[in-house]
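Given next are the chains, with one letter for each unit.
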Amino acid sequence: ILVEGVHFLSTDSPASVAWKLLAVNLSDLASMGAKPGSYTLGVAFPKEIDVDWIKHFAAGLGKVQDIFNITLVGGDTVMTGGPITLSLTAFGYVPKNRMLRRNGAAVGDIIYVSGTIGGAYLGLQQRLGKLRGLSEVTQKFFISRYQRPIPRIELGIKLIDIATAATDISDGLAADLANLCRESRVSTSLLARSIPLDKAVRHLVSDEQVTMANILSGGDDYELLFTAPKSEALKIQKIASQIKIQVSAIGEIEKGPGKVVFIGDDGKAIKFESTGYKHF
């Protein structure tokens, strides 16, 4: 479910809202190694909504579903006295008994993450006017990461029978890694410097406009976070090369009761006000 004012801004274009609505659901499928099939859509529009918004939203949705080869099969449309509310349910297919889950990480497994972290969080901060001194190119890059995430569908499918556990990063790397470790009943302690960041993100951290705690808990990255045995390292890098996606090893699974610690450059554990977004 995406709600205006919670998951997207009222000033976001309807085409970008359509992209994000479908992409974040496809990211869930990717984290399970599923091939997209179809989706249903429920929309609640305010009575005073501009009909052009709906037209552009529908057109944008049509384009993104074609890109990711998924089909709308049903749903409902209603009027609401509240903000625009969009509920999408995506269905995908995975070989029987081979779905990627969050509870299979084992001690000694390597922790991997696709792409880079933090750009989407900074895109939201840029849209809210909280960043300064960024070039127009950098602003557009961050905003694109926030509004139009890329679901790692192909990577997820190729990780079947390789990854021991997987999830996508929606609420923040710190929160989603903690969820994976808790489900798998393991722990980890990893260096914050091992997290892949874009050059512009590193600059803002070094400039102290944001902290590593902000980046690790910011959310909306929709990259894949997964674990795999050390013996699969070469195979994973080969897959990454084939599909032209950056995949980085960021740590190792350890014994423990679901605890996750990030160590900063000062050698101390990073403290979080919150490890990720919480609805309640």
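Residues numbered from 1 in each chain as written. Predicted model: local features only at pLDDT ≥ 70, side-chain atom pairs only at ≥ 80, totals over all residues. Heavy atoms only, no water.

## Description of the packing of aromatic side chains
Move 1: A complete count under the given rule lists six aromatic pairs for this structure.
Move 2: With a centroid separation of 6.2 Å and an interplanar angle of 70°, the aromatic rings of Phe-45 and Trp-53 are classed as edge-to-face. There is no split in this pair, since Phe-45 and Trp-53 are both buried.
Move 3: Both rings, one in Trp-53 and one in Phe-57, keep their centres 5.4 Å apart while their planes meet at 15°; by these two values the pair is stacked. One end of the pair, Trp-53, and the other, Phe-57, are both in helix α2 (residues 51-67), four residues apart, so they sit about a helical turn from each other. Here Trp-53 and Phe-57 have matching classes, each one buried.
Move 4: Ring-pair connections join several aromatic residues into one group, and the members of that group are Phe-45, Trp-53 and Phe-57. (Phe/Tyr/Trp six-rings, centres within 6.5 Å; stacked < 30°, edge-to-face > 60°. Buried < 20%, exposed > 50% of the residue type's maximum accessible area, 1.4 Å probe, protein only. Helix = DSSP H or I, 4+ residues; strand = E, 2+ residues; numbered from the N terminus.)

## Brief notes about the sheet that holds strand β1 (residues 2-3)
Move 1: Ordered by their spatial adjacency, four strands build an open sheet running β1-β4-β2-β3, and the pairing between neighbours is mixed. Every interior strand has two partners, whereas the edge strands, β1 and β3 (71-80), have only one.
Move 2: As judged from the two bridges shared by β1 and strand β4 (residues 85-93), these two strands associate in the antiparallel manner. The partner of Leu-2 across the bridge, within β4, is Leu-86.
Move 3: Together, β1, β2 (35-46) and β4 form the strand contacts of helix α1 (residues 14-30), whose direction differs from that of β4 by roughly 35°. (Pairing = 2+ DSSP bridges. Contact = heavy atoms within 4.5 Å. Axes fitted to C-alpha atoms, helices over the stretch in contact; angles between N-to-C directions.)

## Points about the sheet that holds strand β6 (residues 165-168)
Move 1: Spatial ordering of the open sheet is given by β6-β8-β5-β9, a layout of four strands whose pairing is antiparallel. At either margin of the open sheet sits one strand with a lone partner, and together these are β6 and β9 (247-252). Neighbour-to-neighbour, the strand axes of the sheet open up by a mean angle of 20°, direction not taken into account.
Move 2: Packed on one face of the sheet, helix α6 (residues 173-184) meets β5 (110-114), β6 and β8 (224-228) and runs near 150° to β6.

## Observations regarding unusual backbone geometry
Comment: phi is negative for the bulk of residues other than glycine, and the bulk of peptide bonds are trans.
Move 1: A positive phi angle, close to 70°, is found at Asp-220, a residue other than glycine.
Move 2: Along the chain, the position of Asp-220 falls in the loop between α8 (212-217) and β8.
Move 3: In this structure Asp-220 comes out as buried when scored by relative accessible area, which is 18%.
Move 4: With a phi angle near 55°, Lys-244 is a residue other than glycine that sits in the positive phi range.
Move 5: By relative accessible area, which is 75% here, Lys-244 ends up exposed.

## A few points about the pairing of β6
Move 1: Side chains Ala-165 and Thr-167 project from β6 onto one buried face, and the interleaved Ala-166 and Asp-168 project onto a second face that is buried too.
Move 2: Pairing analysis gives four bridges linking β6 to β8, with the strands arranged antiparallel. When the bridges of β8 are listed, Ala-165 appears paired with Thr-227.

## Some details on the packing of helix α3 (residues 119-127) against helix α4 (residues 136-147)
Move 1: Direction vectors running N to C along α3 and α4 enclose 110°, while the axes themselves pass 7 Å from each other. With respect to α4, the element α3 is oriented roughly perpendicular. Handedness of the α3/α4 crossing: left-handed. For the pair α3 and α4, the contacting residues are Gly-119, Ala-120, Leu-122, Gly-123, Leu-124, Gln-126 and Arg-127 in the first and Gln-139, Phe-142, Ile-143, Arg-145, Tyr-146 and Gln-147 in the second.
Move 2: For the contact of α3 with α4, the class distribution of residues is six nonpolar, five polar and two charged. (Parallel < 35°, antiparallel > 145°, perpendicular 65-115°, else oblique. Left-handed = near helix turned anticlockwise from the far one by under 90°. Nonpolar A, V, L, I, M, F, W, Y, C, P; charged D, E, K, R; others polar.)

## A closer look at the side chain of Asp-168
Move 1: With respect to the helices and strands, Asp-168 occurs in strand β6.
Move 2: Reaching out from Asp-168, the side chain makes a polar contact with the side chain of Ser-27 at a distance of 2.8 Å.
Move 3: Setting aside chain neighbours within four positions, we find Asp-168 in contact with Val-24, Ser-27, Asp-28, Ser-31, Asp-176, Tyr-222, Glu-223 and Leu-224. (Polar contact = N/O pair within 3.5 Å; in protein donor to acceptor, adjacent residues only side chain to side chain.)

## Overview of the pattern of salt bridges
Move 1: According to the stated counting rule, one finds 10 salt bridges in the structure shown.
Move 2: Here Asp-220 makes a salt bridge to Lys-20, at a shortest N to O gap of 3.6 Å. Separated by 200 residues along the polypeptide, Asp-220 in the loop between α8 and β8 and Lys-20 in helix α1 bring together distant segments of the chain. The same class applies to Asp-220 and to Lys-20, which are both buried.
Move 3: The shortest N-O distance in the salt bridge between Arg-152 and Glu-223 comes to 2.8 Å. Remark: Glu-223 occurs in the loop between α8 and β8 and Arg-152 occurs in the loop between α4 and α5 (153-158); sequence separation between them is 71 residues. For the pair shown, Arg-152 and Glu-223 are each scored as buried.
Move 4: Sharing partners across several salt bridges, the network here consists of Arg-145, Arg-152, Asp-198 and Glu-223. (Salt bridge = Lys/Arg side-chain N within 4 Å of Asp/Glu carboxyl O.)

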